[in-house]
Structure formats: structure tokens, C-alpha cells
Amino acid sequence: QVQLVESGGGLVEAGGSLRLSCAASGRAFRFYTMGWFRQAPGKEREFVASITWKGITYYEDSVKGRFTISRDNAKNTVYLQMNSLKPEDTAVYYCAGDPRTGRGFDYWGQGTQVTVSS
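A brief report on the enclosed structure follows. Just so you know, these numbers come straight off a predicted model, no measurement behind them.

Re the overall build of the chain
Inference 1: Along its length, the chain carries zero helices and eleven strands.
Inference 2: Secondary structure elements of the chain occur, N-terminal to C-terminal, as β-β-β-β-β-β-β-β-β-β-β.
Inference 3: Since a compact globule built from 118 residues should have a radius of gyration of about 13 Å, the 13 Å found for the chain is in line with a globular shape.
Inference 4: Each of the three principal axes of the chain carries a C-alpha extent, and together these read 40 × 25 × 25 Å.
Inference 5: The proportion of buried residues among the 118 residues of the chain is 43%.
Inference 6: In the chain, the proportion of contacts linking residues at least 24 apart, taken out of those at least 6 apart, comes to 54%.
Inference 7: Accessible area for the chain stands at about 6,300 Å²; split by element, carbon and sulfur atoms hold 47% of it.
Inference 8: Of the side chains in the chain, 14 bear a positive and 11 a negative charge, and the two mean positions are spaced by 9 Å.

Below you can see the structure in the form of C-alpha cells.
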């Protein structure tokens, strides 16, 4: 069983930056694909970014060039650096782990709130 704990959310002005962290338990973390998702009020949860165990990254179009996902396997942690934040980035951000069993993202954190003021 893998537990994920996010941190780093908060209130920031438009144009500002935040870095989210997701600490994972378990030695298998290094083999997982890790992702960040977000859910804004009244909207469905959406994909933001992911990083494979080999370090290949994918981004949702609206965050390309502004957000960067990275991982530190020695620390069992995945990061989401968010720059040039916009009010429409306001959401609860979730970290997720895909153990590559074919079932997708099986493990989820509790979420961290990001609020961007205009």
C-alpha cells in the first residue's frame, strides 16, 4: 500500500509561483508513474501533468511552459513547480500514483488547495 501526502498549496497572486510536493511511502515508488491532477469548484477532476519512472513527462496543454513536474526517487517525492499562475489554475491539486499494473492511477493523496487571486 502506498500513501501520498501533498503539501505546498496556498494563496498566491496572479503571475506568482508555487511548488507542490508529494511525499510517497513505499520502496516501489521509483517504479511508479506519478501524476498531478486538479479539481476546480463545480468541475470534474482533470489531468495536469505526469512523469514516468524513466522521467518522461506529459502536460495538459494549458499548463505547458508554465508548470514543471519532477521527481526525486531518493526522497520518494514528486514535485510540481507552477509559475506564471493564473486565476483559472485555482483548484484542489491531487497527487496520484500509477503502479503500472494496467489499472491506471490507483493511489491518491488528500489534495492541497491552490488559490490564485487576480
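Quick notes on the nonpolar core
Inference 1: Ranked by size, the top nonpolar core spans 28 residues in total, and within it Met34, Trp36, Val78, Leu80, Met82 and Tyr93 carry the most contacts.
Inference 2: Mapped by element, the contributors of at least two residues to this core are strand 3 (18-24), strand 4 (33-39), strand 5 (46-51), strand 7 (67-72), strand 8 (77-82), strand 9 (91-98) and strand 11 (112-117).
Inference 3: It is strand 3 that contributes the most residues to this core, four residues altogether.
Inference 4: Filtering out sequence-adjacent residues up to four positions away, Val78 remains in contact with Leu20, Ser21, Cys22, Phe29, Met34, Trp36, Ile51, Ile69, Ser70, Arg71 and Cys95.

Remarks on unusual backbone geometry
Inference 1: Located in the positive-phi region is Asn76, a residue other than glycine, with phi close to 50°.
Inference 2: Phi angles above zero are rare outside glycine, and Arg100 is one such case at about 65°.
Inference 3: One can find Arg100 in the loop between strand 9 and strand 10 (107-108).

Some remarks on the environment of Ala91
Inference 1: Tracing the backbone through its elements, the reader meets Ala91 in strand 9.
Inference 2: On a C-alpha basis, the gap between Ala91 and Arg45 in space is 9.3 Å, while along the polypeptide they are 46 residues apart.

Looking at the sheet that holds strand 8
Inference 1: Read from one edge of the open sheet, four strands run 1-3-8-7, paired in antiparallel fashion. If you trace the sheet from one side to the other, it starts and ends with strand 1 (4-7) and strand 7, each paired once. Recorded for the sheet is a direction-independent mean angle of 15° between the axes of neighbouring strands.
Inference 2: By the bridge criterion, four bridges tie strand 1 to strand 3 in an arrangement that is antiparallel. In the sheet register, Glu6 faces strand 3, and the bridge partner there is Cys22.

Focus on the state of the cysteines
Inference 1: Applying the stated criterion to the full structure yields one disulfide.
Inference 2: The side chain of Cys22 participates in a disulfide bridge whose partner is Cys95; the two sulfur atoms lie 2.1 Å from each other. Taking the torsion about the S-S bond as the criterion, the Cys22 to Cys95 disulfide, at about -75°, is left-handed. Highlighted residues: Cys22 in strand 3 and Cys95 in strand 9, separated in sequence by 73 residues.

Quick notes on the rules
Residues numbered from 1 in each chain as written. Predicted model: local features only at pLDDT ≥ 70, side-chain atom pairs only at ≥ 80, totals over all residues. Heavy atoms only, no water. Helix = DSSP H or I, 4+ residues; strand = E, 2+ residues; numbered from the N terminus. Rg over C-alpha atoms; globule rule 2.2 N^0.38 Å. Buried < 20%, exposed > 50% of the residue type's maximum accessible area, 1.4 Å probe, protein only. Contact = heavy atoms within 4.5 Å. Areas by Shrake-Rupley, 256 points an atom, 1.4 Å probe, with all protein chains shown as cover. Lys, Arg positive; Asp, Glu negative; His and termini not counted. Charge placed at Lys NZ, Arg CZ, Asp CG, Glu CD. Core = buried A, V, L, I, M, F, W, Y, C linked by side-chain atoms within 4.5 Å. Pairing = 2+ DSSP bridges. Axes fitted to C-alpha atoms, helices over the stretch in contact; angles between N-to-C directions. Disulfide = S-S within 2.5 Å.

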